[in-house]
Amino acid sequence: MVLLVTEKQADRPMPTLTVPEIPAAMREARLHGIRSVKIFAESARRDATGEISLVPDALMARAVRAAKDAEPDLAVMTETCLCSYTDSGLCYVTDVRGRPDIPATVDVTARQAVAHAVAGADIVGPASMVLGTTQGARTALNDQGYGSVSVMPHVIFWSSLYEGFRRTMGATPKAGVDREFQINPGKPEQFIDAALQLVQDGADMLLLEPAMFTADVLTHLKQHTRAPLFPFSVSGEYTALTSLDAKTGRRDVRRLIELFTMLKRAGADASVTYAALDIARQLSG
Ligand SMILES: NCc1[nH]cc(CCC(=O)O)c1CC(=O)O
Ligand SMILES: [Zn+2]
């Protein structure tokens, strides 16, 4: 289940919820047999380096605490990235010439991973695809006494399916469309190399994005690593493959169920989806 958390109730392209709404959502998830939630949090404030994400009362920290307080047995996963916090909307820190500052990005991402662990996260998720962020998060977590917190980096192809998420979370890059370190979908071997490198760097599992267009690399990776593989069905898949049934008020998720059935055949250990509750309701009749 994916939760997009905003400060106030908001009318956005994707469904969002506020911190006080989290406990009820967690309870309903547990009652439906959902075992984990992936949390994204917007930020009202931004800065050049994304270090604004490290303040103790950050929305992500409050959201993680609310989720764990409500249902301690459900695993909480976070997105560990800078695009909701930088003025530029980029996933990384930039230097004076506007180029990626890799050491600074690794540093802020690692500190963010620790902040998420302190708040109670079970699994952090470096999502910039900047080389070194997974290793940096792993090392920082170990150094701070959070060796049991897992690291699940995102492995991402360029896609037009992220627009709804970016507009909802204010994570649209100010310049360009395709993010610097995401992979050209015409180069599957680069995706596979990046994924296997992340496992070498200490990733406990991998989040493959977007779910529907990573099925081929998923099958390939399944034969080359024992790390659990989780397709992430992104915002555009939710909007393109589901619809609201005006008569019943229910969301028709049959096409997503077909997608996840295929991904399971292809080697997925589980899938991460915005429609988890709708699917659970549908499957339980
Ligand atoms: N910051 C990386 C990230 N984290 C979540 C998504 C997309 C998720 C979705 O569309 O649901 C992306 C891709 C992007 O912003 O380029
Ligand atoms: Zn990002």
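For the structure, see preceding data.
Keep in mind it's a predicted model, so treat the numbers as computed, not measured.

A. Quick look at helix H3 (residues 102–119). The end-to-end C-alpha distance of H3, which contains 18 residues, comes to 26 Å, matching closely the 26 Å that a straight helix rising 1.5 Å per residue would cover. Inspection of H3 places Thr-105, Val-106, Val-108, Thr-109, Ala-110, Gln-112, Ala-113, Val-114, His-116, Ala-117 and Ala-119 among the buried residues, and these make up the whole buried set. Here the buried face of H3 lies against helix H2 (59–70), strand E3 (75–78), strand E4 (123–124) and helix H4 (133–143).

B. Highlighting the coordination of the zinc ion (ligand 2). At this site the zinc ion (ligand 2) is bound by Cys-81 (SG), Cys-83 (SG) and Cys-91 (SG), with donor distances of 2.2 to 2.3 Å. One can describe the donor arrangement at the zinc ion (ligand 2) as tetrahedral, given that its 4 donor atoms subtend angles of 94 to 124° at the metal. In primary sequence terms, the donor set of the zinc ion (ligand 2) follows C-x1-C-x7-C. The burial state of Cys-83 is the same as that of Cys-91; both residues are buried.

C. Summary view of the site of ligand 1. Near ligand 1 lie 17 residues; those nearest to it are Glu-79, Arg-166, Arg-179, Ser-235 and Tyr-274. A distance of 2.6 Å separates an oxygen atom of ligand 1 from a polar side-chain atom of Arg-166. For ligand 1, an oxygen atom lies 2.7 Å from a polar atom in the side chain of Ser-235. Burial of ligand 1 by the protein chains amounts to 100% of its free accessible area of 400 Å². Tallied by class, residues from the shell around ligand 1 come to 11 nonpolar, 2 polar and 4 charged.

D. Molecular detail of the packing of helix H7 (residues 215–222) against helix H9 (residues 254–266). For the pair H7 and H9, the least separation of the axes is 9 Å and the interaxial angle reads 30°. Considering their axes alone, H7 and H9 lie roughly parallel with respect to each other. Residues Ala-215, Leu-218 and Thr-219 of H7 touch H9, and the partners they reach there are Met-262, Leu-263 and Ala-266.

About the thresholds
- Residues numbered from 1 in each chain as written.
- Chains lettered and ligands numbered in written order.
- Predicted model: local features only at pLDDT ≥ 70, side-chain atom pairs only at ≥ 80, totals over all residues.
- Heavy atoms only, no water.
- Helix = DSSP H or I, 4+ residues; strand = E, 2+ residues; numbered from the N terminus.
- Expected span 1.5 Å × (residues − 1).
- Buried < 20%, exposed > 50% of the residue type's maximum accessible area, 1.4 Å probe, protein only.
- Contact = heavy atoms within 4.5 Å.
- Donors = N, O, S within 2.8 Å, 3.2 Å for Na, K, Ca; no water.
- Tetrahedral: all angles 85-135°; square planar, octahedral: opposite > 155°, others 65-115°.
- Near = heavy atom within 4 Å.
- Polar contact = N/O pair within 3.5 Å; in protein donor to acceptor, adjacent residues only side chain to side chain.
- Areas by Shrake-Rupley, 256 points an atom, 1.4 Å probe, with all protein chains shown as cover.
- Nonpolar A, V, L, I, M, F, W, Y, C, P; charged D, E, K, R; others polar.
- Axes fitted to C-alpha atoms, helices over the stretch in contact; angles between N-to-C directions.
- Parallel < 35°, antiparallel > 145°, perpendicular 65-115°, else oblique.

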